[in-house]
Amino acid sequence: MTLPQPLSEALAVLASTPTTLAHLVAEADDARLDDADREGWTPRLWLAWFRDEEVLALRPGLERMLAEPEPVLHVLDRAAWPAGRHRTRDRKEHILADFALHRQATLAIARALEPRQLERRGLLAGEPVTVAAYLERWAAHDLARVRRLEAALGETLADVLERRRRMVEEYRRAQDG
């Protein structure tokens, strides 16, 4: 099946997010990951939010829309979530691995959708939303949360990739010289 362009782009964003997160925090040590911004959120907390929102709200919402007639979709309360969240797998490697695994499961579901399933509905914040619109919103939220993580780290993905490119060039010049 050929997906509508906005949905195809949304799935591409959802597929790229685990790699983006890994690039952003690969060189961050624990001190950097635990440096809170003025709202009290740390890069580690942003990573955990990606994982927990995927597991506890977003994918279950998608699955419920595919299985139930117009379910009321759950959202995580960003203000209340940090205090009660599960912390046993809080090393960045665990968070990234858990998130990537769960995102792959989400993408397997999304990529197998049939056209009629894209129009199934749920209620999100009291408003009807189709599966297609839900996935598009999800991708937009991923992009917004990546920007928040970049702000918390003080470095964008483009900055990270450019810094690494320069490091490789310098290494090659040193090897050639």
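Sequence positions are assigned chain by chain, starting from 1 and proceeding in written order. Predicted model: local features are reported for residues with pLDDT of at least 70 only, side-chain atom pairs are reported and counted for 80 or more only, and whole-chain, interface and lining totals are derived from all residues. Each side-chain value is worked out from all heavy atoms of the structure, with water and hydrogens disregarded.

(A) Structural context of helix H1 (residues 5-25). The numbering of helices and of strands both runs from the N terminus, where a helix is a DSSP run of H or I of at least 4 residues and a strand a run of E of at least 2. Expected helix span is taken as 1.5 Å per residue step, with the number of steps being one fewer than the number of residues. Under the 1.5 Å per step criterion, the end-to-end length of H1 is 30 Å for 21 residues, consistent within 8% with the ideal 30 Å. The angle between axes fitted to the seven residues ending at a residue and the seven residues starting there is what we call the bend at that residue. By the largest-angle criterion, Thr-17 marks the main kink of H1, which is about 35°, and a proline, Pro-18, follows within four residues. Think of it in three bands: with a 1.4 Å probe and only protein chains considered, a residue is buried below 20% of the maximum accessible area for its type, exposed above 50%, and partly exposed in between. Residues of H1 that are buried include every one of Leu-7, Ala-10, Leu-11, Val-13, Leu-14, Thr-17, Pro-18, Thr-20, Leu-21, Leu-24 and Val-25, and no others.

(B) Broad picture of the packing of H1 against helix H8 (residues 157-176). Closest axis-to-axis distance for the H1/H8 pair is 9 Å, and the angle between their directions is 60°. Here H8 runs oblique to H1, going by the angle between their axes. The hand of the H1/H8 crossing is left-handed. On H8, the residues touching Thr-20, His-23 and Leu-24 of H1 are Leu-157, Val-160, Leu-161 and Arg-164. Convention adopted: a line fitted to C-alpha atoms gives each axis, helices being fitted over their contacting stretch, and angles between N-to-C directions are expressed from 0 to 180 degrees. Orientation categories follow fixed angle ranges, with anything under 35 degrees roughly parallel, anything over 145 roughly antiparallel, 65 to 115 roughly perpendicular, and all other angles oblique. Each helix crossing is assigned a hand: it is left-handed if the near helix lies turned anticlockwise from the far helix by less than a right angle, otherwise right-handed if that turn is clockwise. Contacts between residues were defined by any pair of non-hydrogen atoms, one from each residue, lying within 4.5 Å.

(C) Fine view of the nonpolar core. Among buried residues, the Ala, Val, Leu, Ile, Met, Phe, Trp, Tyr and Cys ones that are joined through side-chain atoms within 4.5 Å form a nonpolar core. Counting 23 residues, the largest nonpolar core has Leu-21, Leu-24, Val-25, Leu-47, Trp-81 and Leu-149 as its most contacted members. Every residue in contact with Leu-47, bar those within four places of it in the chain, is listed here: Leu-21, Val-25, Leu-33, Lys-92, Ile-95, Leu-96 and Leu-149. Grouped together as the second largest cluster of nonpolar side chains are 21 residues, Leu-14, Leu-73, Leu-113 and Trp-138 included.

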